[in-house]
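Residue-level listing of the chains:
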Amino acid sequence: MKNILCIGAGYVGGPTMAVIADQCPDHTITVVDINADRINAWNSDQLPIYEPGLLEVVTRARGRNLFFSTDIDGAIKAADIIFVSVNTPTKTFGHGAGMASDLQYWERTARQILANSDRPKIIVEKSTLPVRTAAAMERILNSGDNGLRFQVLSNPEFLAEGSAIRDLMDPDRVLIGGQETEAGRAAVNELVEIYASWVPRERILCTNVWSSELSKLAANAFLAQRISSINAISALCEQTEANVDEVARAIGLDSRIGPKFLRASVGFGGSCFKKDILNLVYLCRSYGLHEVADYWQQVVTFNDHQTQRFAANITAQMFNTVAGKKIALFGFAFKADTGDTRESPAIYVAKSLIAEKADVWINDPKALKNARSALGDAPVQLEPDPYVAADGAHALAILTEWQSYQKLDYQRIYDSMQKPAFVFDGRNLLDHQALFDIGFNVFPIGRPPLTHLT
Ligand SMILES: NC(=O)c1ccc[n+]([C@@H]2O[C@H](COP(=O)([O-])OP(=O)(O)OC[C@H]3O[C@@H](n4cnc5c(N)ncnc54)[C@H](O)[C@@H]3O)[C@@H](O)[C@H]2O)c1
């Protein structure tokens, strides 16, 4: 029986530990955070984040072998293994601002672990960190007067928000990086045994620490690159009457390319892709690899362009003015099945429409609270009922691929809207021909528009 602690009860710490607790009933798992509101929410049925299946997993384990607490010092003292999944946002100040990872939360945690430990522990990097961070953390942790020696492992998390529980229960792989020493290998083996409770051993990959740290950045860079690649093709499709979905299908059937992650859209969002690529770019520059840095930077630059292009097209198609026009945004989360709005393309689209003096109404099944914090006191209406959001609007913009938007009664919506009525489908989610037949002017991504305007 091990005492496992996770510092950081966010989108990663909460679901990951809930699944470990669920799958390893013999271990005690405690999750701590400096944010007392978050911990209170984890202890209630109104969890602080939305993930399909999460509440069921938490309820099964909570109070049995899963505990949420704000007593960080006490929990560190009791722990054998400590996962750290605090946030590692992009630095907003000083050297590397806008690019490098802000490691202050991580370093503070390392010092707090050191201050509260009277025996050696295994420290697991769950947060996404620049390659070679574990070495720096190990130096801090091993700098104490008490002679304690800590092993720092890298165990990056590959879950995707919206499918976190499925990804954690049945991961493609679990990656564990450790030192190639006797103590390092022993620490790796302890972590392997925990995951092996439910993950087939052939899917548990052990590497050196640097490979593990870098693999997480590289995986996110490759995933984001695929989105920017198909989005770049979508821009060309719009000029040539090619259909990006047909192109995606045709290229995706090539087994070397594969069909996944080839959906053209308004652009990627989320707290990770942009941050991790910028971090990769920064690392490359700091090693003098400027061509490599430029290559990856373009993935982010193009993504910004795709979102800007979508927003600009709304105004352009609506006779070059949206001032005073009601526009309903369907979806604000950065993807479906999450309430997370961090770096959501919807933030940029909303702000640019507000700058054009549009009357912006936002609907989202799970993200209205986060939409408000993302937009501060910007003049928008947050409306839980999509029919009310669309009532009297000139245009709908689909920004998140919630399946519930496919099931709405678009004839009813059309009847309630101003004419000509527009749909800008930033996710190619809806049945465009059906919308056109109802009377909408439809502007998809990477497909010819369907319009009644002459
Ligand atoms: N969100 C994802 O989908 C995802 C996926 C894989 C990896 N990651 C990585 O995991 C890490 C965490 O991401 P997240 O989305 O869970 O972030 P988050 O912001 O949702 O959660 C981080 C939590 O850490 C807490 N925290 C910060 N400093 C602390 C301290 N000193 N002591 C205790 N708690 C502290 C914060 O209050 C917050 O609740 C990041 O490095 C991220 O890049 C995220």
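Refer to the structure presented above.
First things first, this report covers the structure right here in the doc. It should be emphasised that the depicted structure is a prediction, and the values quoted were computed from it without experimental measurement.

### Quick notes on the overall build of the protein chain
Line of reasoning, step 1. Along the protein chain, the regular secondary structure elements total 17 helices and 14 strands.
Line of reasoning, step 2. Scaling as 2.2 N^0.38, a compact globule of 454 residues should have a C-alpha radius of gyration of about 22 Å, and the protein chain matches this with 24 Å.
Line of reasoning, step 3. Each of the three principal axes of the protein chain carries a C-alpha extent, and together these read 80 × 50 × 45 Å.
Line of reasoning, step 4. Here the protein chain holds 454 residues, and the buried ones make up 48% of them.
Line of reasoning, step 5. When contacts within the protein chain are restricted to residue pairs at least 6 apart in sequence, those whose partners lie at least 24 apart make up 72%.

### Quick notes on the pairing of strand β2 (residues 28-32)
Line of reasoning, step 1. Most of β2 is tucked away: four of the five residues are buried.
Line of reasoning, step 2. The pairing of strand β1 (residues 3-7) with β2 spans five bridges and is parallel. Directly across from C6, in β2, lies its bridge partner V31.
Line of reasoning, step 3. Crossover connection from β1 via helix α1 (residues 13-23) to parallel β2: handedness right-handed.

### Points about the sheet that holds strand β12 (residues 395-398)
Line of reasoning, step 1. Pairing within the open sheet is parallel, and its six strands lie in the order β11-β10-β9-β12-β13-β14. Each edge of the sheet is formed by a strand with only one pairing partner; in this case those strands are β11 (380-382) and β14 (441-443). Each neighbouring strand pair of the sheet contributes to a mean axis angle of 20 degrees, computed without reference to strand direction.
Line of reasoning, step 2. The pairing of strand β9 (residues 326-330) with β12 spans four bridges and is classified as parallel. The residue of β12 that forms the bridge with A328 is L396.
Line of reasoning, step 3. Set on the sheet, helix α14 (residues 368-375) makes contact with β10 (359-363) and β11; between it and β11 the angle comes to about 160 degrees.

### Structural notes on helix α9 (residues 209-240)
Line of reasoning, step 1. Its 32 residues place the ends of α9 47 Å apart at the C-alpha level, agreeing with the 46 Å of an ideal helix rising 1.5 Å per residue.
Line of reasoning, step 2. Downstream of α9 by one or two residues, E241 has phi in the positive range, about 65 degrees.

### Quick notes on the packing of helix α11 (residues 273-286) against helix α12 (residues 290-317)
Line of reasoning, step 1. Here α11 crosses α12 at 165 degrees, and the two axes come no closer than 8 Å. Relative to α12, the element α11 lies roughly antiparallel. Our pair here, α11 against α12, has a crossing hand that is left-handed. The residues of α12 that touch α11, namely those facing K274, I277, L278, L280, V281, C284 and R285, are H290, V292, A293, W296, Q297, V299 and V300.
Line of reasoning, step 2. Of the residues in the contact of α11 with α12, the class split is 10 nonpolar, two polar and two charged.

Quick notes on the rules
Residues numbered from 1 in each chain as written. Predicted model: local features only at pLDDT ≥ 70, side-chain atom pairs only at ≥ 80, totals over all residues. Helix = DSSP H or I, 4+ residues; strand = E, 2+ residues; numbered from the N terminus. Rg over C-alpha atoms; globule rule 2.2 N^0.38 Å. Buried ≥ 20, exposed ≤ 12 C-beta atoms within 10 Å, placed from the backbone. Contact = placed C-beta atoms within 7 Å. Pairing = 2+ DSSP bridges. Right-handed = clockwise from strand over helix to strand, strands pointing away. Axes fitted to C-alpha atoms, helices over the stretch in contact; angles between N-to-C directions. Expected span 1.5 Å × (residues − 1). Parallel < 35°, antiparallel > 145°, perpendicular 65-115°, else oblique. Left-handed = near helix turned anticlockwise from the far one by under 90°. Nonpolar A, V, L, I, M, F, W, Y, C, P; charged D, E, K, R; others polar.

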